[in-house]
Amino acid sequence: EAGVVQSPRYKIIEKKQPVAFWCNPISGHNTLYWYRQNLGQGPELLIRYENEEAVDDSQLPKDRFSAERLKGVDSTLKIQPAELGDSAVYLCASSLGTVSYEQYFGPGTRLTVT
Amino acid sequence: QKEVEQNSGPLSVPEGAIASLNCTYSDRGSQSFFWYRQYSGKSPELIMSIYSNGDKEDGRFTAQLNKASQYVSLLIRDSQPSDSATYLCAGGTRSGGSNYKLTFGKGTLLTVNP
């Protein structure tokens, strides 16, 4: 069974530029999560989707971050414009949701904002 | 602020010894707990989940949960150099409907010396 797929794996951009991350969850997992992980810290939730619906976006900085999951499968997380403090690893995870809360992570995208 | 606390380490053990990793949580509503292993530069990998008080064993790993003391631990028997990684503890809380949140600790760095 294929795991969570993310792209790109690495991204270097200048501040004020836009950037987008893509995630394809494990087949059949209707719950998708975007996390941000800073060095030396645990992952912090940005947004959680149940199918197409964003059910928890309370930690998403909505002035510059946006996300979508149009068909309830793939998801895109966007930052516009990026700031120096956005440098981090952006992780996508998926789970079966109410059937099982075990979350499985993709390889992540390491973002460096210069 | 609901927190999951872990000793940051590093915890250093000799090869073949038992490594003991500890975690406390502040939210008494937390119902599910997970241990993730994260190698340097990689994403978190789920290694254990535990939902009920007591012990759960899987190979060389044993997770222990004590909800009265709000304490979770992970024991790694016969530690191997390949176990050297950061171990993240996470607690999950369901608060009505489909609202579910996983809170991660900062992780404990384990080094197993040959």
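Everything below is about the structure shown above.
The text that follows walks through the structure, step by step, so that each part is easy to find. These numbers come from a predicted model, not from an experiment.

Moving on, we come to the overall build of chain A. Broken down by element type, chain A carries zero helices and eleven strands. Along its sequence from the N terminus, chain A presents helices and strands in the succession β-β-β-β-β-β-β-β-β-β-β. Over its C-alpha trace chain A gives a radius of gyration of 13 Å, about what one expects of a compact globule, namely 13 Å for 114 residues. Buried positions account for 48% of the 114 residues belonging to chain A. Sequence separation of at least 24 residues holds for 53% of the intrachain contacts in chain A that already meet a minimum separation of 6. With an accessible surface of roughly 5,600 Å², chain A has 49% of that area assigned to carbon and sulfur atoms. Of the charged side chains in chain A, 12 are positive and 14 negative, and the gap between their average positions amounts to 8 Å.

Let us now look at the overall build of chain B. For chain B, the helix and strand inventory stands at zero helices and eleven strands. The N-to-C order of helical and strand elements in chain B reads β-β-β-β-β-β-β-β-β-β-β. Overall, chain B is about 50 × 30 × 20 Å in size when its C-alpha atoms are taken along their principal axes. Taking all contacts inside chain B whose residues are at least 6 apart in sequence as the whole, residues at least 24 apart take part in 54%. When the accessible surface of chain B is totalled, it reaches about 5,400 Å², and 47% of it is carbon and sulfur. Considering chain B, the positive charge centre built from 11 side chains and the negative charge centre built from 10 side chains are found 9 Å apart.

In this section: the sheet that holds strand 1 (residues 5-7) of chain A. Residues and elements named next belong to chain A. Pairing within the open sheet is antiparallel, and its four strands lie in the order 1-3-8-7. In this open sheet, the two strands that pair with only one neighbour each are strand 1 and strand 7 (65-68). The sheet shows a mean angle of 15 degrees between the axes of neighbouring strands, direction not considered. Bridging between strand 3 (residues 19-24) and strand 8 (residues 75-79) involves five bridges; their strand directions are antiparallel. Bridge assignment links Cys 23 to a residue of strand 8, and that residue is Ser 75.

Glancing now at the packing of aromatic side chains. All chains considered together, the criterion is met by ten aromatic pairs over all chains. Aromatic side chains A:Tyr33 and A:Tyr35 sit 6.1 Å apart centroid to centroid with 25 degrees between the ring planes, which places their arrangement in the stacked category. A relative accessible area of 2% places A:Tyr33 in the buried class. On the numbers, 5.5 Å between centres and 80 degrees between planes, the contact of A:Phe105 with B:Tyr36 is edge-to-face. One end of the pair, A:Phe105, is in strand 10 (residues 104-105); the other, B:Tyr36, is in strand 4 (residues 30-38), on a second chain. By relative accessible area, A:Phe105 is classed as buried at 10%. The ring of B:Phe61 has B:Arg60 lying over it, and the distance from NZ or CZ to the ring centre is 5.6 Å.

In this section: unusual backbone geometry. The omega angle of the peptide bond from A:Ser7 to A:Pro8 is -10 degrees, so this bond is cis rather than trans. Among the structural elements, A:Pro8 can be located in the loop between strand 1 and strand 2 (10-13). Cis peptide bonds are those with omega within 30 degrees of zero, and the linkage from A:Gln80 to A:Pro81 qualifies with -5 degrees. The phi dihedral of B:Asp78 is positive, around 50 degrees, even though this residue is not glycine. Mapped onto the elements, B:Asp78 comes out in the loop between strand 8 (71-76) and strand 9 (85-94).

Cut-off values and rules
- Residue positions are given per chain, counting from 1 as you read along its sequence in written order.
- Key to labels: chains lettered from A, ligands numbered from 1, both in the order written.
- Thresholds applied to this predicted model are a pLDDT of at least 70 for local features of residues and 80 or more for the giving and counting of side-chain atom pairs; totals over whole chains, interfaces and linings are not thresholded and use all residues.
- Side-chain calculation: all heavy atoms of the structure are included, whereas hydrogens and water are not.
- By the criteria applied, helices consist of DSSP H or I runs no shorter than four residues and strands consist of E runs no shorter than two, each listed in order from the N terminus.
- Within these notes, the globule rule equals 2.2 Å times the number of residues to the 0.38 power, and the radius of gyration is based on C-alpha atoms.
- Under the scheme applied here, a residue whose accessible area is under 20% of the maximum for its type counts as buried, over 50% as exposed, and between as partly exposed, the area being computed with a 1.4 Å probe on protein chains only.
- Contacts between residues were defined by any pair of non-hydrogen atoms, one from each residue, lying within 4.5 Å.
- Each accessible area value is a Shrake-Rupley result obtained with a 1.4 Å probe; residue values ignore everything except the protein chains displayed when judging cover.
- We score Asp and Glu as negative and Lys and Arg as positive, and we do not count His or the chain ends.
- A single reference atom marks each charge: NZ on Lys, CZ on Arg, CG on Asp, CD on Glu.
- A pair of strands is labelled paired if DSSP reports no fewer than 2 bridges between them.
- Axes, fitted as lines to C-alpha atoms, cover a helix only where it is in contact. Angles between the N-to-C directions of the axes lie from 0 to 180 degrees.
- Centres within 6.5 Å are what make two rings of Phe, Tyr or Trp a pair, Trp counting through its six-membered ring; a difference in plane orientation under 30 degrees is then read as stacked, over 60 as edge-to-face, and the rest as tilted.
- The criterion for a charge sitting over a ring is simple: Lys NZ or Arg CZ within 6 Å of the ring centre, and within 35 degrees of the ring normal.

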